[in-house]
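Below, each chain spelled out in residue letters.
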Amino acid sequence: MPSTNHQISIPQKESDIFLFSMMTLEAPGFVEGKIRKFDDKVIKKKRSRKRIRMERHLQVTSVTLQRLYDACLQVFKGIGTVPSPVHVKKLSDILDCMMPEDVGLREDLDFFKTKNSVQGSTRVTYATIHRCQKFSLCIFFLPATAVIPLHNHPEMTVFSKLLLGTMAIKAYDWVDPFKGNSTSETRRLAKLKANTTFTGPCDTSVLYPTSGGNIHECRAITPCAFLDVMGPPYSHDDGRDCSYYKDTPCPVLSDGEEFTEVKNEGRGYGWLEEIEIPQESEMDVIEYMGPKINIPDS
């Protein structure tokens, strides 16, 4: 367990991630989570609480970001609900129009310059714009070669918008029940839904509790920033804890007594096995310093 006086290593010029901001540091801590059981296998969950504080120099507003927040109030109804197709389109249309400047970013900031892509840390950093019980708005910053390992979004609908950079995405959905499923209790069969590369800004991706690529891996080709709108957000207390997986390709499926090779434009199947939280999943936290949203009094 790292000491609480450990110094955080920040990539060169990372203080320029947000416009009109500068960064100061707090000493990090490391908190060990509860031990949960998954199909008779004990998996120790660890959560990093390394935090970076940023000092605010200027506040600006964004009409598009405010529209996004206002729409989220209508779209997300709470635990156990999935947005209607009409609401999905409404939120996607707003996100499709969002640009980096709507959250205080710009492609000429040092963090996103290719010449700096091989320097400094490859740890992922994130900032929370807003979080409530029904939804959250978060920005994730990935240096080149950084990875968010294969993970899930239990009982969540997620709208993801790549704002800057190029990122490779691999995504699965569970196949359950499925003929030919493994007899092992520690792994499950999943269908590969995507294995491709995106360059921002691009159209919004939407994943649902049981479809759309709910289990996915993000790998930065260049420095990246993406916005996630999650409803409801992760909550350990409510049973929406993030799980991580190791995938093994499944080139053939049993079809009665015969085996049929899976070939469909590079898509196929894989066995997913839950693993302990990998080291690459630990993230640093910075305070969001972009345009603000107006939150109505409750």
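All of the points below concern the structure found in this document. Every chain is numbered independently, its residues counted from 1 as its sequence is written. Side-chain atom pairs in this predicted model are given and counted only at pLDDT of 80 or more, local residue features only at pLDDT of at least 70, and totals for whole chains, interfaces and linings cover all residues. Values shown for side chains rest on all heavy atoms present in the structure; no hydrogens or waters enter the calculation.

1. What about the packing of aromatic side chains?
Here's step 1: Any two rings among Phe, Tyr and Trp, with Trp reduced to its six-membered ring, count as a pair given centres within 6.5 Å; such a pair is stacked if its planes are under 30 degrees apart, edge-to-face if over 60, and tilted if neither. Inspection of the entire model under this criterion finds eight aromatic pairs.
Here's step 2: Each ring, one from Phe111 and one from Phe112, has its centre 5.0 Å from the other, and the planes form 90°; the classification is edge-to-face.
Here's step 3: Relative accessible area decides the class of each residue, using a 1.4 Å probe on protein chains only: under 20% of the type maximum gives buried, over 50% gives exposed, and in between gives partly exposed. What makes Phe111 buried here is its relative accessible area of 9%.
Here's step 4: On the basis of relative accessibility, which here comes to 9%, the residue Phe112 falls in the buried class.
Here's step 5: Looking at Arg187, its charged tip hangs above the ring of Trp271, at a distance of 4.6 Å from the centre.
Here's step 6: Two conditions define a charge located above a ring, namely a distance within 6 Å from the ring centre to NZ of Lys or CZ of Arg, and an angle within 35 degrees of the ring normal. Arg188 extends its terminal NZ or CZ atom over the ring of Trp174, reaching a point 4.0 Å from the ring centre.

2. Examining the environment of Leu68
Here's step 1: For the purposes of this entry, the term helix denotes a DSSP run of H or I that reaches at least four residues, the term strand denotes a run of E that reaches at least two, and both are numbered from the N terminus. Secondary-structure assignment places Leu68 in helix 1 (residues 63–75).
Here's step 2: In the structure, Leu68 is positioned 24 residues away from Ser92 in sequence and 9.4 Å away in space, judged by C-alpha atoms.
Here's step 3: Setting aside residues no more than four positions away along its own chain, Leu68 makes contact with Leu91, Ile94, Leu95, Met98, Leu137, Leu227 and Val229. Contact between two residues is taken to exist if any of their heavy atoms lie within 4.5 Å; hydrogens are not considered.

3. Things to note about the nonpolar core
Here's step 1: Counting 33 residues, the largest nonpolar core has Leu68, Leu91, Val103, Leu105, Phe141 and Val229 as its most contacted members.
Here's step 2: The contacts of Val229, once residues within four sequence positions are left out, are Leu68, Cys72, Phe76, Leu91, Leu95, Ser136, Leu137, Thr157, Val158 and Phe159.
Here's step 3: Residues Met156, Cys202, Leu207 and Met230 belong to the second largest nonpolar core, which totals 21 residues. Take the buried residues of types Ala, Val, Leu, Ile, Met, Phe, Trp, Tyr and Cys, join any two whose side-chain atoms come within 4.5 Å, and each joined set is a nonpolar core.

4. Re the pattern of salt bridges
Here's step 1: Put simply, a salt bridge is a Lys or Arg side-chain nitrogen that is within 4 Å of an Asp or Glu carboxyl oxygen. By the definition in use, this model includes eight salt bridges.
Here's step 2: Where Glu282 meets Arg123, a salt bridge forms, and the shortest distance between an N and an O atom there is 3.6 Å. Of this pair, Glu282 sits in the loop between strand 17 (269–275) and strand 18 (283–286) while Arg123 sits in the loop between helix 2 (85–96) and strand 5 (124–131), and the two are 159 residues apart along the sequence.
Here's step 3: Take Arg123: its relative accessible area is 23%, and that puts it in the partly exposed class.
Here's step 4: A salt bridge links Glu217 to Arg219; the nearest nitrogen and oxygen atoms lie 3.5 Å apart.
Here's step 5: Glu217 gets classed as buried once you look at its relative accessible area, which sits at 18%.
Here's step 6: Judged by its relative accessible area of 37%, Arg219 is partly exposed.

5. Some points on the pairing of strand 17
Here's step 1: Taken across its seven residues, strand 17 has five buried, putting it largely inside the fold.
Here's step 2: Judged from the five bridges that link them, strand 10 (residues 187–199) and strand 17 form a sheet pairing that is antiparallel. Bridging across to strand 17, Ala190 finds its partner in Gly270.
Here's step 3: Strands were regarded as paired on the criterion that DSSP finds at least two bridges between them. In the sheet, strand 14 (residues 244–250) pairs with strand 17 via seven bridges, with the strands oriented antiparallel. Bridge pairing in strand 17 places Lys246 opposite Glu273.

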